[in-house]
Amino acid sequence: MPGPPGTAIAVFAKAPLAGHVKTRLADALSPSESARFHRVCTHATWERLQELRALDAFLFCDRPWAEFEALCGTGRFRLQRGADLGERMRHCLDDLLAEGYRRALIVGSDAPTLPLAQVREAVSALDWVDAAVGPSDDGGFTLIGASRTAPEMFRGVRWSVPDTRRACLRALKSAGLRATRLQVTAYDVDTSADLVRLRRDPALPVRLRRWFDAADRGPS
């Protein structure tokens, strides 16, 4: 079921450069394989979101990247801006809401089996709260959405630690925003154990299955 109109969803990605992305997979993949993996995940995540036809999808990258710009088309490729992840996310949400969207969501490119139910739940929740956080089972989150922002909404949050999600919810509420934790849970692929989980996931996109099968990459 498509979401209501007026929602933008942004995929956050990095340029797929060796040594620049997915460095926590170093015990399973070489730097060049990690870059290729990130590239394939970004494509798979973008393709997955096309099922949500009532949402306008954008791709926010950390630097200009022609391949990703071609993937999403004219006007849908944007550059992240800000000193840290929190600032980059806030600017993204601010910009999309300023363009007239009632709700703005961000998902990462490292959750290629993200349940679309989490996105739909966020869209519904943002009719009655200012911000919604979609949990991942490592203590972080795979989705952040807002219908209203505040300059200090991510103040003091440490990223990629077990209490990131709780700290984020505290920061949102401290900034005067009504915030909620969504019920649908997902997972990021950050470690070799996550890579094993992804390979076994029934929701594994065909593009990623081909990547695994091409040279029997990754642990089984």
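Our structure is the block above this text.
These remarks concern the structure in this document. (Residues numbered from 1 in each chain as written. Predicted model: local features only at pLDDT ≥ 70, side-chain atom pairs only at ≥ 80, totals over all residues. Heavy atoms only, no water.)

### Concerning the packing of helix H6 (residues 192-200) against helix H7 (residues 206-214)
Stage number 1. At a closest axis distance of 10 Å, the pairing of H6 and H7 adopts a crossing angle of 115°. The angle between H6 and H7 falls in the class roughly perpendicular. By crossing handedness, the relation of H6 to H7 is classed as left-handed. Note on element contacts: H7 touches H6 through Leu208, Arg209, Phe212 and Asp213, opposite Leu195, Leu198 and Arg199.
Stage number 2. Taken together, the residues of the contact of H6 with H7 break down into four nonpolar, no polar and three charged. (Axes fitted to C-alpha atoms, helices over the stretch in contact; angles between N-to-C directions. Helix = DSSP H or I, 4+ residues; strand = E, 2+ residues; numbered from the N terminus. Parallel < 35°, antiparallel > 145°, perpendicular 65-115°, else oblique. Left-handed = near helix turned anticlockwise from the far one by under 90°. Contact = heavy atoms within 4.5 Å. Nonpolar A, V, L, I, M, F, W, Y, C, P; charged D, E, K, R; others polar.)

### Some words on the sheet that holds strand S3 (residues 77-79)
Stage number 1. Ordered by their spatial adjacency, seven strands build an open sheet running S3-S2-S1-S4-S6-S5-S7, and the pairing between neighbours is mixed. Two strands bound the open sheet, and with one partner strand each, they are S3 and strand S7 (179-181). Within this sheet the neighbouring strands show an average axis-to-axis angle of 25°, counted without direction.
Stage number 2. Note that strand S1 (residues 7-13) and strand S2 (residues 55-61) share seven bridges and pair parallel. Within S2, the position partnered with alanine 10 by the bridge is phenylalanine 58. (Pairing = 2+ DSSP bridges.)

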